[in-house]
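Report on the structure
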Amino acid sequence: QVQLVESGGGLVQAGGSLRLSCAASGSILSINAMRWYRQAPGKQRDLVAIITTDGFTNYVDSVRGRFTISRDNAKNTVYLQMNSLKPEDTAVYYCNGLIRRSPSSGFVGYWGQGTQVTVSS
């Protein structure tokens, strides 16, 4: 079994900051790319940021310069530092990890349960 557990969401005023964490646990051999997605009410789930094993990062234009994705490979954890938050950042944030469980298996995408981020104006 593999579990991804997000934490760090909450209610914050516009201009504030939050730091999300996503810890992977269970039967894990290696983790490839890790991503953060978000889904606002009534909208599709959209990619926010990605980080590869060697630290390459990329962001959707709407968060570039405000959000920073990072990872701690020793802890199987990915982070999302969110600064200068705006009401339009309000959404449920999900992490996704490409995880390999054994030498004979390929990489499979696993999702966390999501954490709510609400930004008030």
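As a reminder, the structure under discussion sits directly above these lines.
The structure presented is a predicted model; accordingly, all values stated were derived computationally and were not measured. (Residues numbered from 1 in each chain as written. Predicted model: local features only at pLDDT ≥ 70, side-chain atom pairs only at ≥ 80, totals over all residues. Heavy atoms only, no water.)

1. Focus on the overall build of the chain
For the chain, the helix and strand inventory stands at zero helices and 11 strands. Oriented by its inertia axes, the alpha-carbon framework of the chain measures out at about 50 × 25 × 25 Å. Looking at the chain residue by residue over its 121 residues, the buried ones come to 39%. The long-range fraction of contacts in the chain, counting pairs at least 24 apart against all pairs at least 6 apart in sequence, stands at 55%. Taken as a whole, the chain presents about 6,300 Å² of accessible surface, with 49% of it coming from carbon and sulfur. In the chain, 12 side chains carry a positive charge and 7 a negative one; their mean positions are 4 Å apart. (Helix = DSSP H or I, 4+ residues; strand = E, 2+ residues; numbered from the N terminus. Buried < 20%, exposed > 50% of the residue type's maximum accessible area, 1.4 Å probe, protein only. Contact = heavy atoms within 4.5 Å. Areas by Shrake-Rupley, 256 points an atom, 1.4 Å probe, with all protein chains shown as cover. Lys, Arg positive; Asp, Glu negative; His and termini not counted. Charge placed at Lys NZ, Arg CZ, Asp CG, Glu CD.)

2. Overview of the sheet that holds strand β1 (residues 2-7)
Ordered by their spatial adjacency, four strands build an open sheet running β1-β3-β8-β7, and the pairing between neighbours is antiparallel. For this open sheet the edge positions go to β1 and β7 (67-72), each flanked by a neighbour on one side alone. Strand-to-strand, the axes of this sheet are offset by a mean angle of 15 degrees, without reference to chain direction. Bridge count between β7 and strand β8 (residues 77-82): six bridges; the pairing is antiparallel. The residue bridging Phe-67 from the neighbouring strand is Met-82, located in β8. (Pairing = 2+ DSSP bridges. Axes fitted to C-alpha atoms, helices over the stretch in contact; angles between N-to-C directions.)

3. Some words on the nonpolar core
Counting 28 residues, the largest nonpolar core has Trp-36, Leu-80, Met-82 and Tyr-93 as its most contacted members. Among the elements of the structure, β1, β3 (18-26), β4 (30-39), β5 (45-51), β7, β8, β9 (91-100) and β11 (115-120) are those that each provide at least two residues to this core. Leaving out residues up to four positions away in the same chain, Leu-80 has contacts with Leu-18, Arg-19, Leu-20, Trp-36, Ala-49, Phe-67, Thr-68, Ile-69 and Tyr-93. (Core = buried A, V, L, I, M, F, W, Y, C linked by side-chain atoms within 4.5 Å.)

Take it as geometry only, folks, not as evidence of what the structure does.
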